[in-house]
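Observations on the model geometry
What follows is the residue order along each chain.
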Amino acid sequence: LLSCLYLDCGQIKKAKEFALNYISQRGKITDLEEAGWASLMASIAKTEGNYKEALDYIERYNFIMSQISEQEKNNSVQEVEQLYYNRQLKIENDNIRRHNRSALIIYTLLVVILIGGMVWGYFTWRRKIEEKNRQIEEYLVAAQDAESSKITLLDELDEQTNWLFDNYQELYDEITLERM
C-alpha cells in the first residue's frame, strides 16, 4: 500500500524499495498477492522507463491471473459436479427409501395374510375337533342308550324267565288241561 502511495507521489525509488521489502518479508504469499505485486512492479518499471522489465512483470502477472482464472474454472466445474453428484445421491436415496417403504408394506401385508391364515386354520381345525367331539358324544350317548336298552331288555327277559320258571308248573298244567 505504501508502494502505491509513493508511486502516485512520483517517488519511484521509495515505491520500488517498499515493494521489494514487502515481498522479501512476507516469504510465502498467495497467488493473488503475487499478481498484485507483479502489477505494481510493472507500473514501477514502466514509470522508470524500463519497458523490458515492465513486460516481464506484466507477463508474470498475466500468467498468475490465468492460473487463478483456470483454478476458479476448475473449482466452479468441481462445485457443479459435486452438486450434480449430491443431487444424484439424493434421488437415489429417495428411490431406495420409496422401495424400502413399498417392501415394508408388502411384508406387512404378507405377515397379516399369514397370521390371518393361521387364525382361520386354527378356528377351522378347532371347529372340526368340536364337531368330532360332538359326534363322539352323540355316539357315546347312543351307545349308552343302547346299553341301557339292552340292560332293560335283559332285565325284562330275566323277569319273564323268572316268571316262567316260577310259573312253569302252573303253565304246564294249564296247557295240558287245555289239550286234553
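Up top is the structure.
Just so we're clear, the structure is a prediction, and the values are computed from it rather than from any experiment. (Residues numbered from 1 in each chain as written. Predicted model: local features only at pLDDT ≥ 70, side-chain atom pairs only at ≥ 80, totals over all residues. Heavy atoms only, no water.)

Quick word on the packing of helix 2 (residues 12-26) against helix 3 (residues 31-48)
Counted only if it meets this: Lines fitted to C-alpha atoms define the axes here, with helix axes fitted over just the stretch in contact, and angles between the N-to-C directions of these axes take values from 0 to 180 degrees. Every helix listed is a DSSP run of H or I at least four residues long, and every strand listed is a run of E at least two residues long, numbered separately from the N terminus. Small angles under 35 degrees read as roughly parallel and large ones over 145 as roughly antiparallel, with 65 to 115 read as roughly perpendicular and the rest as oblique. Crossing handedness: left-handed means the near helix sits turned counterclockwise from the far one by under a right angle, and right-handed means the same turn made clockwise. Only heavy atoms enter the contact rule, under which two residues are in contact if any of them lie within 4.5 Å. Residue polarity follows a fixed list, in which Ala, Val, Leu, Ile, Met, Phe, Trp, Tyr, Cys and Pro are nonpolar, Asp, Glu, Lys and Arg are charged, and the others, Gly among them, are polar.
Relative to each other, helix 2 and helix 3 sit at 155°, their axes nearing to 10 Å. By the angle class used here, helix 2 and helix 3 are roughly antiparallel. Helix 3 is crossed by helix 2, and the crossing has left-handed handedness. Contact with helix 2, carried on its side by I12, A15, K16, A19, L20, Y22, I23 and R26, involves E33, W37, L40, M41, I44, T47 and E48 of helix 3 and no other residues of that element. Taken together, the residues of the contact of helix 2 with helix 3 break down into ten nonpolar, one polar and four charged.

Comments concerning the packing of aromatic side chains
Our working rule: Two aromatic rings from Phe, Tyr or Trp, using only the six-membered ring of Trp, form a pair when their centres are within 6.5 Å; if the ring planes differ by under 30 degrees the pair is stacked, by over 60 it is edge-to-face, and anything between is tilted. Partly exposed describes any residue whose relative accessible area lies between the buried limit of under 20% and the exposed limit of over 50%, with all areas from a 1.4 Å probe on protein chains only and scaled to the type maximum.
Tallied over the entire structure, the rule returns four aromatic pairs. Taking the centre distance of 5.3 Å and the plane angle of 70° together, the rings of Y122 and F123 count as edge-to-face. The exposure class of F123 is partly exposed, given its relative accessible area of 45%. Here the aromatic cluster, defined as three or more aromatic residues joined through ring pairs, consists of Y122, F123 and W125.

Here we look at a nonpolar patch on the surface
The criterion, for reference: What makes a patch is a set of residues exposed beyond 30% relative accessible area and free of salt bridges, joined within 9 Å when like-charged and within 5 Å when nonpolar (Val, Leu, Ile, Met, Phe, Trp, Tyr). Residue exposure ignores everything except the shown protein chains as possible cover, and the areas themselves are Shrake-Rupley values with a 1.4 Å probe. By convention in these notes, a salt bridge is any Lys or Arg side-chain nitrogen within 4 Å of a carboxyl oxygen on Asp or Glu.
Together, V111, I115, V119, Y122, F123, W125 and I129 line one region of the surface with nonpolar side chains, adding up to about 670 Å² of accessible area. Mapping W125 onto the fold places it in helix 4 (residues 51-179). Classification of W125 as exposed rests on a relative accessible area of 52%.

Considerations on the nonpolar core
So the rule is basically this: The term nonpolar core refers to a set of buried residues drawn from Ala, Val, Leu, Ile, Met, Phe, Trp, Tyr and Cys, joined through side-chain atoms within 4.5 Å.
Of all hydrophobic cores here, the largest spans nine residues; its members are L7, A15, A19, W37, L40, M41, A42, I44 and Y57. Residue contributions to this core peak at five residues, all from helix 3. Residues within four places of W37 in sequence aside, it is in contact with A19, L20, Y22, I23, Y57 and R60.

Focus: helix 4
Test applied: In this analysis, the expected span of each helix is defined as 1.5 Å times one less than the number of residues it contains. The reported bend at a residue is simply the angle between two axes, fitted to the 7 residues ending at it and to the 7 residues beginning with it.
Compared with the 192 Å implied by 1.5 Å per residue over 129 residues, the 179 Å span of helix 4 between its first and last C-alpha is a close match. If you look at helix 4, its biggest bend is around 65°, right at N167. Buried residues in helix 4 make contact with helix 3.

Description of the packing of helix 3 against helix 4
Following both chains from N to C, one finds helix 3 and helix 4 inclined at 160°, their axes separated by 8 Å at the closest point. Compared by their axis directions, helix 3 and helix 4 come out roughly antiparallel. Viewed along their axes, helix 3 and helix 4 form a crossing whose handedness is left-handed. Facing helix 3, whose interface residues are D31, L32, E34, A35, W37, A38, S39, M41, A42, A45 and K46, helix 4 presents Y51, E53, A54, Y57, I58, R60, Y61, I64, M65 and I68. Grouping the amino acids of the contact of helix 3 with helix 4 by side-chain chemistry returns 15 nonpolar, one polar and five charged.

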